[in-house]
Amino acid sequence: MNVSGQTVMRELSYRNPVTLDELADSCDSAEGIDLLRSILATEGPYEQRTSVRHPVSTGWSALATRRPAFAIVGIFVVVSAVIAASVVVPGSPVGPTSAAAVALDHEAGVAAHADSVEVPVGDYLYTESIVLQFATYGYGNPGHSELPGTVVTGPSQSFSVLRPVTRQVWSAANGSGRLREVFGAPTFPTNTDRAAWIADGSPSLVPSSGTLDQAEGPGALGIADLSELSTDPASLASEIASRNFVDGPPGDAETFKIIGELLSETDASPALRSALYQVASGLQGMSLIGSVVDPLGRTGTAVAYASAGETHELIFDPRTSSLLATKDVVTNPSQASLDVPSDTVVGSTTYVISGPVASTNSVVSYG
């Protein structure tokens, strides 16, 4: 057994009343998966949630940006290093056959026992998130710049930039309300991008004030009625695959992203959230990253789906099933058609807090 395998078996023995000898040389086998199931099954009652920590979709989009990009602490981090990630459809006789699928199946149970989120009539649902946008620009006006005193001296060049945005949304039942976005300092994924930006006259990359704040009319801050979606996992999988409810290209990679978007919807019922986790657990090609820390320092469990040179991650709180963050990472720049180094984060969303408030000038307090 290699060093990693020895570490896994030792950690498993610490966390479960099973002797080390019973699972010797089988940490990446069906026995290892079964042990993970048994550990999750003996964790105790599900925690009932009294507050919400993940926001709704705002309906916001930016044409220049990529699509924005969620413990069972300890056991996932050691198991995920050695267990493969092929899965079967939930409900089959053998059940999930990977660590990622087992983790998601467990979250389906946690979600089913969570409290519903209800916003009093006339109130707003306040949500706050931090988004990292990846945008590519091409300026075609040599001799002109948006900044006074600078002039483009050569041919226009395209460049990419990463922009952090703190987004606050106040959404009423009819989708109206307020959207406020505060832009942070942009950074460049490569020195070449920065040089191209300078050659183009160092144009401004954020609003002049650094903030966008506007009222939104009915329907602008929400997606379609979630009650239209089935809470039966098989039916829900078909509805998502049809792309009639949420648009997007075909394939499991996109389905994985859509599931993440729907899990971020605070008004999704516990039954729907449970079904979404079950649909995710049946996707082929997932992997379990394990225990991670999100940008706010919160510990969560990460599962990932790799496709077209990128990995999309969902990081969730296994105690509550709430989505903490999503992240898109380039693993193969040529496949992703991006001129950035491997392991570059090209999009992320960190869900900060969410809850009902009385007006568009109120926020949910932390803690």
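Refer to the preceding data block for the structure.
Structure report, in brief. Predicted model only: the values in this text are computed from it and were never measured. (Residues numbered from 1 in each chain as written. Predicted model: local features only at pLDDT ≥ 70, side-chain atom pairs only at ≥ 80, totals over all residues. Heavy atoms only, no water.)

**Thoughts on the overall build of the protein**
Here is the rule we go by: By the criteria applied, helices consist of DSSP H or I runs no shorter than four residues and strands consist of E runs no shorter than two, each listed in order from the N terminus. Accessibility here uses a 1.4 Å probe with only protein chains present; expressed as a share of the type maximum, an area under 20% marks a residue as buried, one over 50% as exposed, and anything in between as partly exposed. Surface accessibility follows the Shrake-Rupley procedure with a 1.4 Å probe radius. Residue values consider only the protein chains on display as shielding.
A tally of regular secondary structure across the protein gives 9 helices and 9 strands. Across the 367 residues that make up the protein, the buried fraction comes to 47%. When the accessible surface of the protein is summed, it comes to about 16500 Å², and 53% of that surface belongs to carbon and sulfur atoms.

**As for the sheet that holds strand β9 (residues 345-357)**
The line we're drawing: For two strands to count as paired, DSSP must find a minimum of two bridges between them. Only the stretch in contact is used when fitting a helix axis, every axis being a line fitted to C-alpha atoms; angles between N-to-C directions are given from 0 to 180 degrees. Any two residues having at least one pair of non-hydrogen atoms within 4.5 Å are treated as being in contact.
As summarised here, the arrangement of the 9 strands in space is β4-β3-β2-β1-β9-β8-β7-β6-β5, forming an open sheet in which the pairing is antiparallel. The two strands at the open ends of the sheet, each matched to only one other strand, are β4 (211-216) and β5 (286-293). Between one strand axis and the next, the sheet turns through 20° on average, direction left out of account. When strand β3 (residues 177-183) meets β4, the two strands line up antiparallel, connected through 6 bridges. Across the sheet, V182 pairs through a bridge with T211, a residue of β4. Docked against the sheet, helix α4 (residues 99-112) engages β5, β6 (299-307) and β7 (310-316), running at close to 65° with respect to β5.

**A closer look at the nonpolar core**
Test applied: Definition of nonpolar core: a set of buried residues of the types Ala, Val, Leu, Ile, Met, Phe, Trp, Tyr and Cys, connected through side-chain atoms within 4.5 Å.
Within the largest apolar cluster, 33 residues are counted, with the highest numbers of intra-cluster contacts made by L236, I259, L262, L276 and V303. Broken down by secondary-structure element, the contributors of at least two residues to this core are α4, α6 (233-242), α7 (252-263), α8 (270-281), β5, β6 and β7. Those residues within four positions of L236 in sequence are excluded, and the remaining contacts are L229, S230, L272, A275, L276 and V279. By size, the runner-up hydrophobic cluster in this structure holds 8 residues, among which are A135, V161, A196 and L205.

**Notes on the packing of α6 against α8**
For clarity, the threshold we go by: For classification purposes, angles smaller than 35 degrees are called roughly parallel, those larger than 145 roughly antiparallel, those between 65 and 115 roughly perpendicular, and all remaining angles oblique.
It is at 9 Å that the axes of α6 and α8 come closest, and there the two elements cross at 75°. Our classification of the angle between α6 and α8 gives roughly perpendicular. Contacts between α6 and α8 pair P233, L236, A237 and I240 from the former with L272, A275, L276, Q278 and V279 from the latter.

**So, the side chain of D294**
Secondary-structure assignment places D294 in the loop between β5 and β6. When its relative accessible area of 4% is taken as the criterion, D294 is described as buried. Not counting chain neighbours up to four residues away, the residues in contact with D294 comprise L324, A325 and T350.

**So, the pattern of salt bridges**
Quick reminder of the rule: Salt bridge, as applied in this entry: a Lys or Arg side-chain nitrogen positioned within 4 Å of an Asp or Glu carboxyl oxygen.
Throughout the structure, instances matching the rule amount to 6 salt bridges. Ionic pairing is found between K327 and E313, a salt bridge with its closest N-O pair at 3.8 Å. Of this pair, K327 sits in strand β8 (residues 323-330) while E313 sits in strand β7, and the two are 14 residues apart along the sequence.

**Concerning unusual backbone geometry**
Phi at S202 is positive, roughly 50°, even though this residue is not glycine. In this structure, S202 sits in the loop between α5 (191-199) and β4. A relative accessible area of 17% places S202 in the buried class.

**Describing the packing of aromatic side chains**
As a reminder, the rule being used: Pairing of aromatic side chains here covers Phe, Tyr and the six-membered ring of Trp, requires ring centres within 6.5 Å, and sorts the geometry by plane angle: under 30 degrees stacked, over 60 edge-to-face, intermediate tilted. Only when the NZ of Lys or the CZ of Arg is both within 6 Å of the ring centre and within 35 degrees of the ring normal is a charge said to sit over the ring.
Applying the stated criterion across every chain yields a total of 6 aromatic pairs. Look at Y126 and W170: their rings are 5.2 Å apart centre to centre, the planes differ by 55°, and that puts the pair in the tilted class. Of this pair, Y126 sits in strand β1 (residues 124-138) while W170 is found in strand β2 (residues 158-171), placing the two residues 44 residues apart along the sequence. Grouping residues by exposure puts Y126 and W170 together as buried. Arranged with centres 5.7 Å apart and planes meeting at 25°, the rings of Y137 and F159 form a pair that is stacked. Of this pair, Y137 sits in strand β1 while F159 sits in strand β2, placing them 22 residues apart in sequence. Neither residue differs from the other here; Y137 and F159 are each classed as buried. Connected via pairs of aromatic rings, a cluster forms that spans Y137, F159, F188 and W197. In this arrangement the basic side chain of R178 is found over the ring face of W170, its NZ or CZ atom lying 4.3 Å from the centre.

**With respect to α8**
Cut-off, in case you're wondering: An expected span of 1.5 Å times one less than the residue number is assigned to each helix.
An ideal rise of 1.5 Å per residue puts 16 Å on 12 residues; α8 measures up with 17 Å between its terminal C-alpha atoms. Within α8, 10 of the 12 residues are buried, which leaves it mostly tucked inside the rest of the structure. What α8 keeps buried is the set P270, L272, R273, S274, A275, L276, Y277, V279, A280 and S281. Elements that come into contact with the buried residues of α8 comprise α4, α6, α7, β5, β7 and β8.

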